[in-house]
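So you can see what is in the structure, the chains are spelled out below.
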Amino acid sequence: MNRILTRASVFGCLLSISIAPVYAQENYKEISKEDITKVYRANGNFYAVPDYSVSFPPKKRPKNIIVMIGDGMGLAQVYAGMTANGGRLFLDNFKNVGFARTHSGDNYVTDSAAGGTALSTGVKTKNDVIGLDINYDTLQNVRELAQQRGKATGVLSTSAITHATPASFLAHRKSRSYYEDIALDITNSGVDVFIGGGYKHFTKRADDKDLTVDLKKKGYQVLRTIEEVAAVKDGKVAGLLAPEHTDRLEKRGNILPVATKTAIDILSKDKDGFFLMVEGSQIDWGGHQNNVPYIVEEMTDFDRAIGVALEFAAKNKETLIIVTADHETGGLAIANGNLKNGTVNGLFPTGGHTAIPVPVFSFGPGANRLTGFMENTDIANIVKEFLNRK
Ligand SMILES: [Zn+2]
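The model shown is predicted, which means the values in this text are computed figures rather than measured ones.

Draft legend 1. Highlighting unusual backbone geometry. Non-glycine residue Asn290 carries a positive phi angle of around 55 degrees. One non-glycine residue, Lys317, lies in the positive phi region at around 65 degrees. Its place among the elements puts Lys317 in the loop between helix 13 (292-316) and strand 9 (319-324). Note on Lys317: relative accessible area 40%, which makes it partly exposed.

Below, the structure written as structure tokens:
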């Protein structure tokens, strides 16, 4: 009897380990072994962070909403970035702070599909699912609601635009791995500006369609380089800057801050206001790889994109910025550091996602609604409330 039980329990645990799907587009999940990945050294090279102390009438409703998602960004990832920049980030300017619980509809530990869907629709669904509820019924997301309200909309990412988080604001599919179907949804979504990677999911397809032809017919400027993105001043934009994911910061350059500026410049021309989602995707990949320098590079790049949004919002005064995450990755513990020279030592208990609640930083009219402990779904429901209010 015992022998049968033990064999059964061994088989059981083997089965559970092998359930977590690893898709072709996700080969960034290998833990790196070298020690150099546990320490980041800024050698005192810090970027300046101005003060944006602006106050907003408590009852004022935002006309524009910018949701910025650091994929895998827990509080430790934020503070690793802050230490690496000598103790200050643009996030310092966000005085409204809360924490969001991230468990999904079927898992204590969420993936980016369920996490993204919770932040975009206000409903908890199963891991792996994009924009559908646990019964696979379609859920309207806040970008679609904003569009319905006559606002301009945009989605930006440093991963493929077909990847889980950006797809949660553009598509409705049973699995995050249906990249070509997600590309089709994006082409038919009506979004005004989208920028990321994923060109091959629009052009090298099983159905032999070239969706960039459809995009051009719909009036999109199909752009392939960040220089083109930086130069465009108005109109519909389909920025496909890499066949799949964009490269690490060193090779891709400051795509995210530049794309954020272009998107805000274009979308803010809409008299009814706009909704924009900006994702710093690769913080998560640094966590999966247990790689502190990767995390810090991505966290500070994301922070600079936050700086671009803040520069606009502080002047515009009708814009709510919400900065949060879909989950934390790696269980990063900051074991040591030095604020003077920007050194960070990190340790990791896992190469996977964790269940710790994630920070929520808000700036602008309505920011005072996003404090304390909340569910990730509350963030989307508060955004819906602002979009529905006359
Ligand atoms: Zn992840």
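Draft legend 2. The arrangement of the packing of helix 11 (residues 255-267) against helix 13 in detail. Direction vectors running N to C along helix 11 and helix 13 enclose 25 degrees, while the axes themselves pass 8 Å from each other. As far as their axial angle goes, helix 13 and helix 11 are roughly parallel. Considering how the two elements wind past one another, helix 11 and helix 13 form a crossing that is right-handed. For the pair helix 11 and helix 13, the contacting residues are Leu256, Pro257, Thr260, Lys261 and Ile264 in the first and Asp301, Phe302, Arg304, Ala305, Val308, Ala309 and Phe312 in the second. The class makeup of the residues in the contact of helix 11 with helix 13 is 8 nonpolar, 1 polar and 3 charged.

Draft legend 3. Region of the structure containing the coordination of the zinc ion. Within the first shell, the zinc ion binds the protein through Asp284 (OD), Asp284 (OD), His288 (NE2) and His353 (NE2), at distances of 2.0 to 2.4 Å. Coordination geometry of the zinc ion: the 4 donor atoms subtend angles of 56 to 152 degrees at the metal centre, consistent with an arrangement described as irregular. The sequence pattern describing where the donors of the zinc ion fall on their chain is D-x3-H-x64-H. Of the two residues, Asp284 and His288 both sit in helix 12 (residues 283-288), 4 residues apart, roughly one turn of that helix. A single burial state applies to Asp284 and to His288, both of which are buried.

Cut-off values and rules
Residues numbered from 1 in each chain as written. Predicted model: local features only at pLDDT ≥ 70, side-chain atom pairs only at ≥ 80, totals over all residues. Heavy atoms only, no water. Helix = DSSP H or I, 4+ residues; strand = E, 2+ residues; numbered from the N terminus. Buried < 20%, exposed > 50% of the residue type's maximum accessible area, 1.4 Å probe, protein only. Axes fitted to C-alpha atoms, helices over the stretch in contact; angles between N-to-C directions. Parallel < 35°, antiparallel > 145°, perpendicular 65-115°, else oblique. Left-handed = near helix turned anticlockwise from the far one by under 90°. Contact = heavy atoms within 4.5 Å. Nonpolar A, V, L, I, M, F, W, Y, C, P; charged D, E, K, R; others polar. Donors = N, O, S within 2.8 Å, 3.2 Å for Na, K, Ca; no water. Tetrahedral: all angles 85-135°; square planar, octahedral: opposite > 155°, others 65-115°.

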